[in-house]
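Below, each chain spelled out in residue letters.
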Amino acid sequence: MAKKKSLKHQDKSEPEIQAAVSHQPPPPSSGSLAQSSAVTVAVPGATTATAAPEPPRNPPVGMALEFEKPILKLERQIYDLVVMQEQRGVDYTPEIQQLRENLTALIRKTYQNLSPWEVVQVARHPARPQTRDYIDMIVKDFVELHGDRRFGDDRAVITGTGRIGGHKVMLIGHHKGRDTKEKIGCQFGCANPEGYRKALLKMQFAAKFGLPVVTLIDTAGAYPGIGSEERGVAEAIAVNLREMSSLPTPVVCIVIGEGGSGGALGIGVGDRTAMLQFAWYSVISPEGCSGILWKDSQNAPDAAAALKLTSEALKKLGVIDEIIKEPLGGAHRNPRAAADSLERFIDRTLRELRAIPLDTLLEQRYQRIRCLGTQTIAAG
Amino acid sequence: MTQVNSPHPGSPPTAVMRVSQPRKNVDVPDGLWLRCPTCTQIIYRKDMEKALNTCPNCDHHFRLSAKARIALTVDAGAFEEMDRNLVSCDPIEFTARKSYRQQLLDASKGGKAKDALISGCGFIKGRPVILAVMDFDFLAGSMGAVVGEKITRAIERATQEHLPLVIISCSGGARMQESAISLMQMAKTSSALSRLHKRGGLYISVLADPTTGGTTASFAMLGDLIFAEPKAMIGFAGPRTIANTIRTELPEGFQRAEFLLQKGFVDRIVPRSELRSQIARAIDYCSR
């Protein structure tokens, strides 16, 4: 039935979804994504079966992380060859093919051995897809709902209804902003109390009408400002934790980028918690930790390692339930593939959770939260 | 009782020497005499202790160890500690400048507390309560798995036995050395409070200096009643972090108990001398 409805609603979100399936480069709605699409096509053999790579239309430019520089260099070489091939009419196909194979191998090798600090870099990559990108790619009929009806509308948190897979959901997510103007508008994804109160209001609305809640976590932390404290950011987060733990509807939480402290947890309590492969989640940022221990942020790489903030470490600790695989070379290299993985996870998980009677679901949620950390203590 | 009150019983009276040098940052001084950090007056330790560890001159509230605070809060001889033996297993083997394991050993040296919270049941002016008190002396009163578990058990017991719950917070926040495990204690304690709340249980949260970070953003701000000690520092982000972010000076009295009262996040400021009677009265008003 949901499918039928989707065919009827030929609104502008529809073609984008089809595009997601056919692995076309994403629409140039955002600078960051348009930029990374150039990179995407140069990566054959990503985790999902990608279509035959097209020649890149733009040179692979943009910010490169330090450990990504060799990859970008190779991509540049491939691009140059493709351009030369077009201009001179000479066939470089075998060379290009060889270089592409090298590139895939290089990316695979680099990303298999990322240090925790490098994972943090990937999670913060400027071209990494954000909540609004995922909304564009996987949420049909998204209708944004604004405001906390108390103080204002926090742009650092996006809330609204839409369909993911076969499910009507309430989607809630931090948004960091993609260009400078947007980034300033939403304070780089650092929410004020209004953001958390808005999220709660929409979650309660969702529970009232039986919509499951999906939250996408991507914040360095709640905004540290005078207004934020004045309006009780701690209280706002605390209330969210309490209310989400017993919200009478399925709640799925996914850390898509940065999971910074209470600001992340403030929309992160639910039936399942997952992380994208190269996201991080911790009680404090590596810089903050370094600042406390070493009195400056220079030792952030050491702090990142000490904090065990990667998806792999947290899965082992039992803090998260699942790791959502990212495409080869991270979500920023292939946002479509990342979105597909995310969509599949949400669809499958909601199917699972909606089959559970509400009472059982809430009891299981309580027990799941109740057990967090109990295995790490002993009677001394 | 006086033994418990003094943070360093039997230490030599060296503070007499220090008095001649004006020092504003003295917080928990030792010795016979000490200088109040607020009014900078020299006060006699015994007078301070008699005034429940407050300055007899200006009512500055000195920090208290959990043990001392319990002694001041519950009826004498009627406190039964729960879960006293829980210890952390260092879940993420945190090692930076110093290993967490070593920090734990140092903090619990000499048979002192095993973690940053004491919980139990006792009586306040004859009324039975479940009481949990955080201990700033132990790793800045930070909340890791042990603190989270002890608080959760205290909440669950209060829920089951229909007893009023009092938590006195005094904490730097979630414990960095247990990373995400600490963070999850915020969710755990809050969800246990959700059940207490739904059963109609009374929870009085008392905020002492300081209550910050993950502690504030979970159980500390979820009281049916929230009391704060005068001038207690209460907030989420640290003042230094805020000042660095917004690059301006913070207003006078920012994040102090009086500031929170003015902004509407604290029900009452309760001086230490009135805490017992205020809790007792609240319990009377809330018992059906």
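Bear in mind the structure is a predicted one, so any value in this text is a computation, not a measurement.

Novice: Would you take a moment to explain helix 7 (residues 179-198) of chain B for this structure?
Specialist: When the terminal C-alpha atoms of helix 7 of chain B are compared, their 30 Å separation across 20 residues agrees well with the 28 Å that a helix rising 1.5 Å per residue should span. In terms of burial, helix 7 of chain B is a largely internal element, 17 of the 20 residues being buried.

Novice: Please explain helix 5 (residues 93-112) of chain A as it appears in this structure.
Specialist: Each full turn of the α-helix corresponds to 3.6 residues, which orients residues three or four apart in the same direction. Residue and element names in this part refer to chain A. Here helix 5 contains 20 residues, and its C-alpha end-to-end distance of 28 Å stays within 8% of the 28 Å for a straight helix at 1.5 Å per residue. All of the buried residues in helix 5 are Ile-96, Leu-99, Arg-100, Leu-103, Thr-104, Ile-107, Thr-110 and Tyr-111. Along the axis of helix 5, the buried residues cluster in a sector spanning 145°; they form a single face. Set apart from the buried face of helix 5 by more than 90 degrees, the exposed residues are Pro-94, Lys-109 and Gln-112. Close packing links the buried residues of helix 5 with helix 4 (69-88) and helix 6 (116-123).

Novice: Help me understand the sheet that holds strand 10 (residues 268-269) of chain B, please; the structure alone is not making it clear to me.
Specialist: By way of backbone hydrogen bonds, the strands of a sheet pair with one another, either parallel or antiparallel. All names here are of chain B. With mixed pairing, the seven strands of this open sheet are ordered in space as 3-5-6-7-8-9-10. Since the sheet does not close on itself, it has two edges, and those belong to strand 3 (80-82) and strand 10, each with one partner. Note: strand 3 against strand 5 (residues 117-124), three bridges, orientation antiparallel. Paired with Glu-80 across the strands is Cys-121, a residue of strand 5. In the packing of helix 6 (residues 145-161) onto the sheet, the strands contacted are strand 3, strand 5, strand 6 (127-134) and strand 7 (165-171), and the crossing angle to strand 5 comes to about 25°.

Novice: Got a minute to help me understand the pairing of strand 5 of chain B in this structure?
Specialist: Regular strands place side chains that alternate from one sheet face to the opposite one. Residue and element names in this part refer to chain B. Counted residue by residue, strand 5 has seven buried out of eight residues, so it is predominantly covered. Here strand 5 pairs with strand 6 via eight bridges, running antiparallel. When the sheet's bridge partners are listed, Gly-120 is paired in strand 6 with Leu-131. Linkage of strand 5 to strand 6, two consecutive antiparallel strands, is achieved through a turn of two residues, within which Lys-125 is found at a positive phi near 50°.

Novice: Can you help me understand the domain arrangement of chain A in this one?
Specialist: Size of an interface: often given as the accessible area lost when the parts come together. Along its sequence, chain A is organised into domain 1 (40-113) and domain 2 (123-371). On a C-alpha basis, the centres of domain 1 of chain A and domain 2 of chain A stand 32 Å from each other.

Novice: When you look at the pattern of salt bridges in this model, what are you seeing that I'm missing?
Specialist: Here the idea is simple: oppositely charged side chains can pair when their charged atoms come close. For the structure on display, the rule yields 47 salt bridges over all chains. Residue Asp106(B) pairs with Lys98(B) through a salt bridge whose shortest N-O separation is 2.8 Å. Accessibility expressed as a relative area gives 26% for Asp106(B), which makes it partly exposed. For Lys98(B), a relative accessible area of 40% corresponds to the partly exposed category. One salt-bridge network, held together by shared partners, links Arg132(A), Asp133(A), Asp136(A), Glu144(A), Asp153(A), Arg155(A), Arg178(A), Glu182(A) and Lys198(A).

Novice: So what exactly am I meant to see when it comes to the side chain of Asp115(B) here?
Specialist: Residue position: Asp115(B) is located in the loop between helix 5 (100-107) and strand 5. If sequence neighbours within four positions are ignored, Asp115(B) has contacts with Phe138(B), Ser142(B), Val146(B), Val147(B) and Arg175(B).

Novice: When you look at the state of the cysteines in this model, what are you seeing that I'm missing?
Specialist: Following the criterion strictly, the structure yields zero disulfides over all chains and no others. The cysteine Cys190(A) is free of any disulfide, with Cys186(A) supplying the nearest cysteine sulfur at 9.4 Å. With no disulfide partner, Cys371(A) has as its closest neighbouring cysteine sulfur the one in Cys89(B), 15 Å distant.

Novice: Even after reading the chapter, I still don't get the pairing of strand 3 (residues 167-174) of chain A, so can you show me in this structure?
Specialist: Residues and elements named next belong to chain A. Strand 3 sits mainly inside the fold: seven of its eight residues count as buried. Bridge count between strand 2 (residues 157-164) and strand 3: eight bridges; the pairing is antiparallel. Bridge pairing links Thr-159 to Ile-172 in strand 3. The loop that links strand 2 with its antiparallel partner strand 3 comprises two residues; one of these, Gly-165, has a positive phi angle of about 60°. The sheet contact formed by strand 3 and strand 4 (residues 213-219) spans four bridges and is parallel. Paired with Gly-173 across the strands is Leu-216, a residue of strand 4.

Novice: Any chance you could explain unusual backbone geometry here in plain terms?
Specialist: It is generally the case that most residues other than glycine have a negative phi and that most peptide bonds are trans. Residues and elements named next belong to chain B. The peptide bond linking Asp-209 to Pro-210 adopts the cis configuration, its omega dihedral lying at -10°. Mapping Pro-210 onto the fold places it in strand 8 (residues 203-211). At Glu-93, a position not held by glycine, the phi torsion is positive, near 45°. One can find Glu-93 in the loop between strand 4 (86-88) and helix 5. Judged by its relative accessible area of 57%, Glu-93 is exposed.

Novice: Where do I start with the nonpolar core in this structure?
Specialist: Note that soluble globular proteins tend to have their nonpolar side chains buried in a common cluster. Tyr134(A), Ile254(A), Tyr281(A) and Leu165(B) are the most contacted members of the largest nonpolar core, which has 158 residues in total. Of the residues forming this core, the biggest block, nine residues, is contributed by helix 7 of chain B.

Novice: Honestly, the interface of chain B and chain A in this entry has me stumped. Any pointers?
Specialist: Each partner contributes to the interface: chain B provides 58 residues, whereas chain A provides 51 residues. Surface buried jointly by chain B and chain A totals about 4,700 Å² across both partners, of which 71% is contributed by carbon and sulfur atoms. Area buried by chain B at its contact with chain A is led by Met176(B), Leu183(B) and Phe236(B), which between them contribute 14% of it. In this structure, the connection of chain B to chain A is made through four salt bridges. The salt bridge involving Arg370(A) is made with Glu149(B); its shortest N-O contact spans 3.0 Å. On the surface where chain B and chain A come into contact, there are 18 residue pairs in polar contact (both at pLDDT 80 or more). Looking at the side of chain B that touches chain A, the elements with two or more residues in it are strand 4, helix 6, helix 7, helix 9 (239-246) and helix 10 (257-263) of chain B. Broken down by element, the residue count for the side of chain B that touches chain A peaks at 17 residues, all from helix 7 of chain B.

Novice: Just checking my understanding: could you explain the packing of helix 4 of chain A against helix 5 of chain A for this structure?
Specialist: A packed helix pair is summarised by two numbers, namely the angle formed by the two axes and the spacing between the axes. All names here are of chain A. Their axes nearest at 10 Å, the elements helix 4 and helix 5 cross at an angle of 165°. By the criterion of interaxial angle, the relationship of helix 4 to helix 5 is roughly antiparallel. The two elements helix 4 and helix 5 meet at a crossing, and its hand is left-handed. Counting all contacts with helix 4, which are made through Pro-70, Ile-71, Leu-74, Glu-75, Gln-77, Ile-78, Leu-81, Val-82 and Gln-85, the residues of helix 5 involved are Thr-93, Glu-95, Ile-96, Leu-99, Arg-100, Asn-102, Leu-103, Leu-106, Ile-107, Thr-110 and Tyr-111. Of the residues that constitute the contact of helix 4 with helix 5, the class distribution is twelve nonpolar, five polar and three charged.

Conventions we followed
Residues numbered from 1 in each chain as written. Chains lettered and ligands numbered in written order. Predicted model: local features only at pLDDT ≥ 70, side-chain atom pairs only at ≥ 80, totals over all residues. Heavy atoms only, no water. Helix = DSSP H or I, 4+ residues; strand = E, 2+ residues; numbered from the N terminus. Expected span 1.5 Å × (residues − 1). Buried < 20%, exposed > 50% of the residue type's maximum accessible area, 1.4 Å probe, protein only. Arc of directions from axis to C-beta. Contact = heavy atoms within 4.5 Å. Pairing = 2+ DSSP bridges. Axes fitted to C-alpha atoms, helices over the stretch in contact; angles between N-to-C directions. Domains from an automatic or database assignment. Salt bridge = Lys/Arg side-chain N within 4 Å of Asp/Glu carboxyl O. Disulfide = S-S within 2.5 Å. Core = buried A, V, L, I, M, F, W, Y, C linked by side-chain atoms within 4.5 Å. Buried area = accessible area lost by both parts, 1.4 Å probe. Polar contact = N/O pair within 3.5 Å; in protein donor to acceptor, adjacent residues only side chain to side chain. Parallel < 35°, antiparallel > 145°, perpendicular 65-115°, else oblique. Left-handed = near helix turned anticlockwise from the far one by under 90°. Nonpolar A, V, L, I, M, F, W, Y, C, P; charged D, E, K, R; others polar.

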